Amino acid sequence: MDWHDVTARLFPEGHHVVADGDLLAGTGRCGDTTFAVIGSAHHAEIGVELALAMARLVLATIRTHPGRPIVFLVDTAGQRLRRRDELLGLNRCMAHLAKCVEVARSRGHRVLGLVYDQALSGGFLATGMMADLCAALPESEIRVMNLSAMARVTRQPVERLAELARSSPVFAPGAINYVKMGAIDALWEGDLAAHLAAAVADAPATDTRRDVGQARGGRLLAAPIALRANVE
Amino acid sequence: MQSYYEANARERLDGLLDPGTFREILPPVARTLSPHLQALDLPAAFDDGIVIGTAKLEGLAVLVAAQEGGFMGGAVGEVQGAKITGLLERARNAEVAGIVLLLETGGVRLQEANAGLIAVSEVIRAICATRVAGIPVIAAIGGQYGCFGGMGIAAACCTGIVMSEEGRLGLSGPEVIETAHGVEEFDSRDRALVWRTVGGKHRFLLGDCDVLVDDRIDAFRRAIAQALREGDRLDLDAVEREHALLQRRVDRFGGYDDGADIWRDLGFPDPENVPLLATDALVAISQRLRAA
Amino acid sequence: MEHLEYRFDGGRPATAGSAARIVGVVASGNLEVLIEPVPGDPACSIAIDTAAKGFGEIWQAVMADFFARHRLAGIRVSINDAGATPAIVALRLDQAIEEFTRKR
């Protein structure tokens, strides 16, 4: 889905979200609540500039609108794969974005995420996966890495990985698999504004994804192992 | 003097921690093997490639986690991630000076794909939440596999990073970049180029690691203890300062193509000599340049 | 992966109070060996999960040699192997026993 359609459906009462290149920024109204909207479009590759631009928007929200909920709209092809971005410390710029989200959370901002097209790896880790609650549109896909790079790193044939991506929930990129594993709260269809309103009210205060993953049967070990690491 | 690079995870802990103080949590007898690897008919490890526990380090009570780079390149799967996440959460209820993460990892364990990505995300969330609670998390990077992928993000979320010259820290590994954009973009077999881009010396000169130490376990120990004593606060002031720093960096160095260009800009008259400098010499010059 | 198991009788019990020890790393050409005390068990039991299939006879011989060297009862030896040579296997077993029996 295009970002224009997503924002229209999330904020039927009006929004001021604009695209500045691949960066989405602005606000939207949902019921009585104004949301800060931050995101990416056009399957953005997130390099140092875009990561810092998103972090700047989080900081601006914290400074000028204390307590305002933030929603990340995610459509990314992952981190920019260029030597120059590595040279400049893209890992740190992504971490900075993640830390800004954490500080926002600690200061009472609810943070939500919505994958509306695709999400890969680094770009997703620093945005949607830092949210209190992340949702996805039914057709969206979430991947760790492109198959050809995965094939090279794991020294497995591309065909074998493609077959696994078709048959195994652990490998399949459809967002439904992330729902079962607890990382995506739900697939949102129909009245997106209603979903958004419910999400901001119900989002958990701590990271409950592993408990959800266990309850849904998609990720059975993370919760019990983390508990044992905590108490044994 | 024991090499950090050559040592495996358990040997590093042995050399780092005060003798007799280490108690392993979920030791190998707990048999926390990865079901995903077993499903793929791949060899698994009893501890899933990470050793966690409680200990003292120079008298400071700590929680420690040491990744075993030799197993799956240190990559993080469901079980390993849960061990780290649980440990980070444990710190909030324990009287500890902080958490020490000995990182050696390619990032998400691709053989566990979705479960691995979520595991790394939970680690990142837990590091951030633990730091907001005021508990320092110190990362050490100096092994053969470096620290890449989502764990490169995790490392940069920590309070401080101690690296040796041998260490590497980044997001996408050179091989991944080469696969995407070709050898002209990044020749992953050009070791000097790799180290100018993501190696310990470059990261130190750029400011992405706080301390550069020799490849010796005792040097890591001293630096980690010192970092723990400096305490921590992840708050609005900290991220605003970080933002200004990173923005200045991109403005100042964003047009450069190579680490050597950045080092020249920082004031090194002969940047091609940087790789040859001993650690203490490099640190001394860097401090003089920063003071100037 | 192939799973193999062996039991050897006639050993002498390991020192009471020995704690479980592990050596090695599950890396290509390497293996990890975990030794646990099993008080009261008269045998030395061995369980192997190996990536190298079809080498049962060689494993049998290496384990028999290992038992003959140390003759310990009341222990369980557990191995995760990623294709180590018999020489490396024997080395790790000896290292594991040394760790296990070392006075602390």
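Predicted model only: the values in this text are computed from it and were never measured. Position labels on residues start from 1 in each chain and follow its written sequence. Chains carry letters from A onward and ligands carry numbers from 1 onward, assigned in written order. Where totals are concerned, whole chains, interfaces and linings use all residues; where local detail is concerned, this predicted model gives features only for residues with pLDDT of at least 70, and gives and counts side-chain atom pairs only at 80 or more.

**Comments concerning the overall build of chain C**
Along chain C, the regular secondary structure elements total two helices and seven strands. Taking 104 residues into account, the globule formula puts the C-alpha radius of gyration at 13 Å, and chain C, at 13 Å, falls close to it. With the C-alpha coordinates of chain C rotated into their principal frame, the extents come out at 35 × 25 × 20 Å. Three exposure classes are used. Buried residues have 20 or more other C-beta atoms within 10 Å of their own C-beta, exposed residues have 12 or fewer, and partly exposed residues fall in between, all C-beta atoms being placed from the backbone. A total of 104 residues make up chain C; the buried ones form 39% of that total. For the purpose of contact definition, each residue receives a C-beta atom placed from its backbone, and two residues are in contact when these atoms lie within 7 Å. Put simply, 86% of the contacts in chain C that link residues at least 6 apart link residues at least 24 apart. A helix here means a DSSP run of H or I that spans at least four residues, while a strand means a run of E at least two residues long, and both kinds are numbered starting from the N terminus. For this measure, only C-alpha atoms enter the radius of gyration; the expected value for a globule follows 2.2 Å times N^0.38, where N is the number of residues.

**A closer look at helix 5 (residues 150-157) of chain B**
Most of helix 5 of chain B is tucked away, with eight of its eight residues classed as buried. Within the sequence span of helix 5 of chain B, burial applies to B:G150, B:M151, B:G152, B:I153, B:A154, B:A155, B:A156 and B:C157. Tucked inside the fold, the buried residues of helix 5 of chain B contact helix 4 (90-106) and helix 5 (121-125) of chain A together with strand 4 (98-103), helix 4 (113-132), strand 5 (137-141) and strand 6 (160-164) of chain B.

**Structural notes on the sheet that holds strand 1 (residues 2-8) of chain C**
Residue and element names in this part refer to chain C. Taken in spatial order, the five strands make up an open sheet running 1-5-7-4-3, and their pairing is mixed. Only two strands of the sheet have a single partner each, and these edge strands are strand 1 and strand 3 (21-24). Averaged over all adjacent pairs, the angle separating strand axes in this sheet is 15°, with direction ignored. One ladder, built from seven bridges, connects strand 5 (residues 44-50) with strand 7 (residues 75-81); its direction is parallel. Bridge assignment links D49 to a residue of strand 7, and that residue is N80. Axis definition: a line fitted to C-alpha atoms, limited for helices to the stretch in contact. Angles are taken between N-to-C directions and run from 0 to 180 degrees. Each of strand 1 and strand 5 touches helix 1 (residues 56-70); the most contacted strand, strand 1, lies at about 35° to it. Packing of helix 2 (residues 86-101) onto the sheet brings it into contact with strand 3 and strand 4 (31-37), and relative to strand 4 it is tilted by some 35°. In this scheme, strands are said to pair when DSSP sees at least two bridges between them.

**Topic: the packing of helix 2 (residues 48-64) of chain A against helix 4 of chain A**
Residue and element names in this part refer to chain A. It is at 9 Å that the axes of helix 2 and helix 4 come closest, and there the two elements cross at 15°. Considered as vectors, helix 2 and helix 4 are oriented roughly parallel to each other. The crossing of helix 2 and helix 4 is left-handed. Counting all contacts with helix 2, which are made through V48, A51, L52, M54, A55, V58, L59, T61 and I62, the residues of helix 4 involved are L90, C93, M94, H96, L97, C100, V101, V103 and A104. The residue makeup of the contact of helix 2 with helix 4, split by class, is 16 nonpolar, two polar and no charged. Here is the rule for angles: anything less than 35 degrees is roughly parallel, anything more than 145 is roughly antiparallel, 65 through 115 is roughly perpendicular, and the remaining ranges are oblique. Take the far helix as the reference: if the near one is turned anticlockwise from it by less than a right angle, the crossing is left-handed, and if turned clockwise, right-handed. Note on residue classes: Ala, Val, Leu, Ile, Met, Phe, Trp, Tyr, Cys and Pro are nonpolar, Asp, Glu, Lys and Arg are charged, and everything else, Gly too, is polar.

**A short note on the interface of chain A and chain B**
Counting residues at the interface gives 63 residues for chain A, matched by 72 residues for chain B. Taken together, the elements giving at least two residues each to the side of chain A that touches chain B come down to helix 2, helix 3 (83-87), helix 4, helix 5, helix 6 (147-154), helix 8 (175-180), helix 10 (209-215) and helix 11 (222-231) of chain A. Tallying contributions element by element places helix 4 of chain A first for the side of chain A that touches chain B, with 13 residues. The residue inventory of the side of chain A that touches chain B, partitioned by class, reads 35 nonpolar, 11 polar and 17 charged.

**So, the confidence of the model for chain C**
All names here are of chain C. pLDDT expresses how confident the predictor is about each individual residue, on a scale running from 0 to 100. Per-residue confidence for chain C averages 94 on the pLDDT scale, and 100% of its residues sit at or above 70. Confidence scores differ between elements of chain C, with strand 2 (residues 12-13) showing the lowest mean pLDDT of 90 and strand 3 the highest of 98. Our summary of model confidence lists the complex with pTM equal to 0.97 and ipTM equal to 0.98.

**So, the pairing of strand 3 of chain C**
All names here are of chain C. As paired strands, strand 3 and strand 4 are joined by four bridges and run antiparallel to one another. By the bridge assignment for strand 4, V23 is matched with V33. Remark: six residues form the turn of the hairpin made by strand 3 and strand 4, two consecutive strands paired antiparallel; G29 in that turn has positive phi of roughly 80°.

**Some details on the arrangement of the chains**
Contacts between protein chains span two pairs of chains, and they are most numerous for chains A and B. The two units chain A and chain C never meet; even their closest C-alpha atoms stay 13 Å apart.

**Digging into the pairing of strand 6 of chain B**
Residues and elements named next belong to chain B. Taken across its five residues, strand 6 has five buried, putting it largely inside the fold. A two-sided burial pattern is seen for strand 6, the buried positions comprising G160, V162 and S164 on one face and I161 and M163 on the other. Where strand 5 lies against strand 6, four bridges are found, and the strand directions are parallel. Residue pairing in the sheet places A139 in a bridge with I161 of strand 6. Looking down the strands as they point away from you, a crossover is right-handed if its path from the first strand over the helix to the second goes clockwise. A crossover links strand 5 with its parallel partner strand 6, the connecting element being helix 5, and its sense is right-handed. Across three bridges, the pairing between strand 6 and strand 7 (residues 211-213) is parallel. Bridge assignment links S164 to a residue of strand 7, and that residue is V213.

**Observations regarding the nonpolar core**
If you look at the biggest cluster of nonpolar residues, it comprises 212 residues, and the most contacted ones within it are A:A51, A:M94, A:A98, B:I153, B:A155 and B:V162. Take this core: its biggest share by element is 12 residues, from helix 4 of chain B. What A:A51 contacts, discounting residues up to four positions off in sequence, is A:I46, A:L90, A:C93, A:M94, A:L97 and A:A126. The nonpolar core is taken to be a set of buried Ala, Val, Leu, Ile, Met, Phe, Trp, Tyr and Cys residues joined by way of C-beta atoms within 7 Å.

**Regarding the interface of chain C and chain B**
On the side of chain B, 12 residues touch chain C, which itself brings 15 residues to the contact. Elements with a minimum of two residues in the side of chain C that touches chain B: strand 4 and strand 7 of chain C. If one sorts the elements of the side of chain C that touches chain B by residue count, strand 4 of chain C sits on top with three residues. Looking at side-chain class alone, the side of chain C that touches chain B contains nine nonpolar, two polar and four charged residues.

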